Amino acid sequence: MDMLVKLYDLHCDTGLDRRMADQDITLRRALVPELKAICDWIEPRFGSSWAAEATAAIMRQPVTCFIAHQGATLLGFACHDATMKGFFGPTGVDQAARGKGVGHALLITTLIDMRAQGYAYAIIGGAGPMDFYQKSVGAVPIEGSKPGIYRGMIPAAAPNGVSG
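Here the structure is a predicted model, which means the values were calculated and not measured.

1. With respect to the packing of aromatic side chains
Tallying each qualifying case throughout the model produces 8 aromatic pairs. Residues Trp41 and Phe77 carry aromatic rings whose centres are separated by 6.4 Å and whose planes lie at 80° to one another, so their mutual orientation is edge-to-face. Of this pair, Trp41 sits in helix 2 (residues 35-46) while Phe77 sits in strand 4 (residues 73-80), and the two are 36 residues apart along the sequence. According to the relative accessible area criterion, Trp41 is buried, its value standing at 9%. Given the relative accessible area of 0%, Phe77 is considered buried. Taken together, the aromatic side chains of Trp41, Phe46, Trp50 and Phe77 make up a single cluster linked through ring pairs.

Here is the structure:
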């Protein structure tokens, strides 16, 4: 199910920013030359579809993919306007970095960027952890939105599914 967020009610969280800084975690907009490294990190953790969406977000101008890293170690990513305009996602955090506020920080950073680009609302497509989005940014479910924009999507071909 999709969720809706009022971006005009969203505020920066200085406590969360401090928490990231105290852990030496940097959040920033991805750079195009990092495309391969980021997608190589995303694919084994979250799949080729999310890597494809991140590619679309990284190739936009301005780039609409944000990353969290600790030194040279990528911890997570969040995108917007990847598959559809006005949509937040995909987003993911490495299992080893969960519970440190990285996902929350990426969510806030990305949604604030959407607001800065002129959006009043954001749609979280196929929201997985709905309670997290409700608590973090006041997201509300959009009734009747399942399966949403991904319905009827062509599945990834099996390795032996190549025509001869």
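2. Digging into the packing of helix 2 against helix 3 (residues 48-59)
The contact between helix 2 and helix 3 brings their axes to 7 Å, and the two run at 155°. The orientation of helix 2 with respect to helix 3, classified from their angle, is roughly antiparallel. Note on packing geometry: the crossing formed by helix 2 with helix 3 is right-handed. Of the residues in helix 3, those in contact with Leu35, Ile38, Cys39, Ile42, Glu43 and Phe46 of helix 2 are Ser48, Trp50, Ala51, Ala54, Thr55, Ile58 and Met59. When the residues that make up the contact of helix 2 with helix 3 are grouped by side-chain class, the tally is 10 nonpolar, 2 polar and 1 charged.

3. Thoughts on the pairing of strand 4
Along strand 4, 7 of the 8 residues are buried, which leaves the element largely enclosed by surrounding structure. Hairpin connection between strand 3 (residues 65-70) and strand 4: a loop of 2 residues separates the two successive antiparallel strands, and Gly71 in this loop has a positive phi of roughly 65°. Across 4 bridges, strand 4 lies against strand 5 (residues 87-93) in antiparallel orientation. Bridging across to strand 5, Phe77 finds its partner in Gly92. Linkage of strand 4 to strand 5, two consecutive antiparallel strands, is achieved through a turn of 6 residues, within which Asp81 is found at a positive phi near 55°.

4. Side note on helix 1 (residues 14-22)
Looking at where helix 1 begins, the residue whose side-chain oxygen comes 3.1 Å from the main-chain nitrogen of Gly15 is Asp13. Backbone geometry just downstream of helix 1 places Asp24 in the positive-phi region, at approximately 55°.

Reading the values: rules and limits
Residues numbered from 1 in each chain as written. Predicted model: local features only at pLDDT ≥ 70, side-chain atom pairs only at ≥ 80, totals over all residues. Heavy atoms only, no water. Phe/Tyr/Trp six-rings, centres within 6.5 Å; stacked < 30°, edge-to-face > 60°. Helix = DSSP H or I, 4+ residues; strand = E, 2+ residues; numbered from the N terminus. Buried < 20%, exposed > 50% of the residue type's maximum accessible area, 1.4 Å probe, protein only. Axes fitted to C-alpha atoms, helices over the stretch in contact; angles between N-to-C directions. Parallel < 35°, antiparallel > 145°, perpendicular 65-115°, else oblique. Left-handed = near helix turned anticlockwise from the far one by under 90°. Contact = heavy atoms within 4.5 Å. Nonpolar A, V, L, I, M, F, W, Y, C, P; charged D, E, K, R; others polar. Pairing = 2+ DSSP bridges. Polar contact = N/O pair within 3.5 Å; in protein donor to acceptor, adjacent residues only side chain to side chain.

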